[in-house]
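Residue-level listing of the chains:
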Amino acid sequence: MGIGHVLGVLGGALLAHAAYATVQYHAVLKITEEEFSRPPMDVMMQLLLGLALCMWAGLAVPAKFLSVLPHSEENRIVSLPANLDFMIFNHRGRALPSDDDLKLKT
């Protein structure tokens with residue numbers, strides 16, 4: 001478990017605590033019959049810090065980004081549409097049954 005995982009868990013905990021604090025603040029305002037305009041500043045800081053930590057973890061945890069090379073043998077083109085902006089590469093969907101396998105045999 002690396003530093004990215006720890007930052008992700010800490011960011012998630014901060015976001016959960018900020019949500020809980022906002023609900024509690026809203027409940028207090030209902031009791032005192034005041035208008036709810038926005039959460040307090042400390043809750044806003046928790047939200048921003050939690051968001052930043054979760055984004056950092058989301059970028060740090062997965063791994064090194066690799067580019068997709070269309071000329072690689074692993075990523076060979078299955079079909080080439082008329083619009084070259086959308087190219088289809090091999091993927092895990094080929095392990096699923098085809099449409100012919102799903103038809104009822106009569």
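Cut-off values and rules
Residues numbered from 1 in each chain as written. Predicted model: local features only at pLDDT ≥ 70, side-chain atom pairs only at ≥ 80, totals over all residues. Heavy atoms only, no water. Helix = DSSP H or I, 4+ residues; strand = E, 2+ residues; numbered from the N terminus. Buried < 20%, exposed > 50% of the residue type's maximum accessible area, 1.4 Å probe, protein only. Areas by Shrake-Rupley, 256 points an atom, 1.4 Å probe, with all protein chains shown as cover. Contact = heavy atoms within 4.5 Å. UniProt positions renumbered as here; feature names shortened; annotations may be inferred. Expected span 1.5 Å × (residues − 1). Patch = residues over 30% accessible without salt bridge, like charges linked within 9 Å, V, L, I, M, F, W, Y side chains within 5 Å. Salt bridge = Lys/Arg side-chain N within 4 Å of Asp/Glu carboxyl O.

Helix and strand counts for the chain come out as three helices and two strands. Along the chain direction, N to C, the helices and strands of the chain fall in the order α-α-β-β-α. Looking at the chain residue by residue over its 106 residues, the buried ones come to 13%. Of the accessible surface of the chain, which amounts to about 9200 Å², a share of 66% is contributed by carbon and sulfur atoms.

Right, let's get into the environment of alanine 18. Structurally, the position occupied by alanine 18 is in helix α1 (residues 3–31). Overall, the relative accessible area of 0% leaves alanine 18 in the buried class. Taking the C-alpha atoms as reference, alanine 18 lies 8.9 Å from methionine 45; in sequence the two are 27 residues apart. Setting aside residues no more than four positions away along its own chain, alanine 18 makes contact with Val43, Gln46 and Leu47.

On to the UniProt feature "transmembrane region" (unreviewed entry) in the chain. What UniProt calls "transmembrane region" (unreviewed entry) maps, in this numbering, to residues 45–66. In residues 45–66, helix accounts for 73% and strand for 0%; the two terminal C-alpha atoms are 34 Å from one another.

Before going further, it helps to spend a moment on the environment of phenylalanine 36. Residue placement: phenylalanine 36 occurs in the loop between α1 and α2 (41–60). Counting along the chain gives ten residues from phenylalanine 36 to histidine 26, while the straight-line C-alpha distance between them is 6.7 Å. Ignoring sequence-local partners within four residues, the contact set of phenylalanine 36 consists of Thr22, Tyr25, His26 and Leu29.

Here the focus is unusual backbone geometry. The phi torsion at glutamate 33 lies on the positive side, around 55°, for a residue other than glycine. Along the polypeptide, glutamate 33 turns up in the loop between α1 and α2. Glutamate 33 sits in the exposed class, given a relative accessible area of 73%.

Helix length check: α1, at 29 residues, gives a terminal C-alpha distance of 42 Å against a target of 42 Å (1.5 Å per residue), a fit within 8%. Within α1, the full set of buried residues consists of Gly4, Leu7, Gly11, Leu14, Ala18, Ala21, Thr22 and Leu29. For α1, the elements touching its buried residues are α2. Downstream of α1 by one or two residues, glutamate 33 has phi in the positive range, about 55°.

Residues Met41, Met44, Met45, Leu47 and Leu48 make up a contiguous nonpolar surface patch of roughly 470 Å² in combined accessible area. Mapped onto the fold, leucine 48 is located in helix α2. Taking relative accessible area as the criterion, leucine 48 reaches 53% and is therefore assigned exposed.

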